[in-house]
Amino acid sequence: MKKVLIACATLVFLACGEKKTKSETVSVSADATQKEIYTGSEREAQFENEQVARVYDDYNLLKVALVNTDAEAAGAAASKMLESIKELEDDTAELLVAAQDIAAATDVNLQRARFEDLTAEVKSLVEANITSGSLYYQYCPMAFDGKGAYWISNEEKVYNPYFGDVMLNCGTVDSKIE
């Protein structure tokens, strides 16, 4: 039942209009417990080409799955991202390897560890190709036993993919990507 509700929330997210600027959480009741499901927000940033936009949008779906601590959805998003990466003309070897590792992993903690590497590659890609709008480069100092880790977000409000609902809003905006 829980997976069906998460799938429905994902479909609602994907069906929303391009200009959605507010993030949303949906309250889902499974048995006697309540869990907030983060659905993300649409990006305002525009890119030089559609292939980069697809890679970034798939990265964002992956981030949403990690925020929700959903290893299955994260694996599916990483698999989708692999197809988008293959369409890029740039050298994407490191990007491919990180996405493959996430797609193959079934443990959300392993996926989160590789997400950090994936973020570094996606950041380089979006910085080189963004033409308008903003993305937010965010940082959690507590990730990975105090080592810290970054991610990219469509919104300024922090939704932490490294801790999910355990510490949902832990982190800060490090910089804007414009």
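Residue numbers restart at each chain and count upward from 1, following the sequence in its written direction. Given that this is a predicted model, residues contribute local features only at a pLDDT of at least 70 and side-chain atom pairs are listed and counted only at 80 or more, while totals for whole chains, interfaces and linings are drawn from all residues. With hydrogens and water excluded, all non-hydrogen atoms of the structure serve as input to the side-chain values.

Description of the overall build of the protein
- Counting from the N terminus, the helices are DSSP H or I runs at least four residues long and the strands are E runs at least two residues long. On a plain count of helices and strands, the protein comes out with six helices and seven strands.
- Counted from the first residue to the last, the protein has its helices and strands arranged as α-β-β-β-α-α-α-α-β-β-α-β-β.
- Split into buried and exposed, the 178 residues of the protein put 47% on the buried side.
- For this analysis, residues touch if any pair of their heavy atoms sits within 4.5 Å. Considering only intrachain contacts with a sequence separation of at least 6, the fraction spanning at least 24 residues in the protein is 58%.
- Within the structure as shown, the protein displays about 9000 Å² of accessible surface, and the carbon and sulfur contribution to it stands at 51%. Only protein chains enter the accessibility calculation, which uses a 1.4 Å probe. A residue is then buried if its area is under 20% of the maximum for its type, exposed if over 50%, and partly exposed in between. Residue burial considers only the protein chains on display, and all accessible areas are found by Shrake-Rupley using a 1.4 Å probe.

Examining the sheet that holds strand β6 (residues 149–153)
- Here a strand pair is declared whenever DSSP counts at least two bridges between the two strands. Ordered in space as β6-β5-β7, the three strands form an open sheet in which the pairing is antiparallel. Strands at the two margins of the open sheet, each flanked by one partner only, are β6 and β7 (172–177). Strand-to-strand twist in this sheet, taken as the mean axis angle between neighbours without regard to direction, amounts to 25°.
- In the sheet, strand β5 (residues 135–140) pairs with β6 via five bridges, with the strands oriented antiparallel. Here an angle of 0 to 180 degrees is reported between the N-to-C directions of two axes, which are lines fitted to C-alpha atoms, with helices fitted over the stretch in contact.

Considerations on the packing of helix α3 (residues 71–86) against helix α4 (residues 93–104)
- Across the interface, α3 lies against α4 with an axial gap of 8 Å and an inter-helix angle of 155°. For the element pair α3 / α4, the angle class is roughly antiparallel. Both α3 and α4 take part in a crossing whose hand is left-handed. Contacts between α3 and α4 involve A74, G75, A78, S79, M81, L82, I85 and K86 from the former and L95, L96, A99, Q100, I102 and A103 from the latter.
- Each residue belonging to the contact of α3 with α4 can be placed in one class, and the counts come to ten nonpolar, three polar and one charged. Angular relationships are summarised with four words: roughly parallel below 35 degrees, roughly antiparallel beyond 145, roughly perpendicular across 65 to 115, and oblique for the angles in between. The hand of a helix crossing depends on one turn: near helix anticlockwise from the far one by less than a right angle means left-handed, and clockwise means right-handed. Each residue receives one of three labels: charged for Asp, Glu, Lys and Arg, nonpolar for Ala, Val, Leu, Ile, Met, Phe, Trp, Tyr, Cys and Pro, and polar for the others, Gly being one of them.

So, helix α2 (residues 50–67)
- Each helix should span, by expectation, one fewer than its residue count multiplied by 1.5 Å. Relative to the 26 Å expected for 18 residues at 1.5 Å per residue, α2 spans 25 Å between its end C-alpha atoms, a close match to the ideal helical length.
- Of all 18 residues in α2, 14 are buried; the element is thus mostly enclosed.
- For the purposes of these results, a polar contact is taken to be a pair of N or O atoms within 3.5 Å, where, inside protein, one atom must be able to donate a hydrogen and its partner to accept one; residues adjacent in sequence count only when each atom of the pair is a side-chain atom. For α2, the side-chain oxygen to backbone nitrogen distance between the N-cap and Q51 is 3.1 Å, and the N-cap itself is N49.
- Count one or two residues on from α2 and you reach T69, which has phi positive near 50°.

With respect to the packing of α3 against helix α5 (residues 108–129)
- Where α3 contacts α5, the two axes come as close as 11 Å, and the packing angle between them is 35°. Handedness of the α3/α5 crossing: left-handed. In this structure, α3 contributes A71, A74, G75 and M81 to the contact, and α5 contributes V108, Q111, L118 and V122.

Details of the state of the cysteines
- Pairs of cysteine sulfur atoms within 2.5 Å are what we label disulfides. Within the structure shown, the criterion is met by zero disulfides.
- No disulfide involves C140; its sulfur sits 3.5 Å from that of C170, the nearest cysteine.
- Given the relative accessible area of 0%, C140 is considered buried.

Scope: geometric values only; no functional claims are made or implied.
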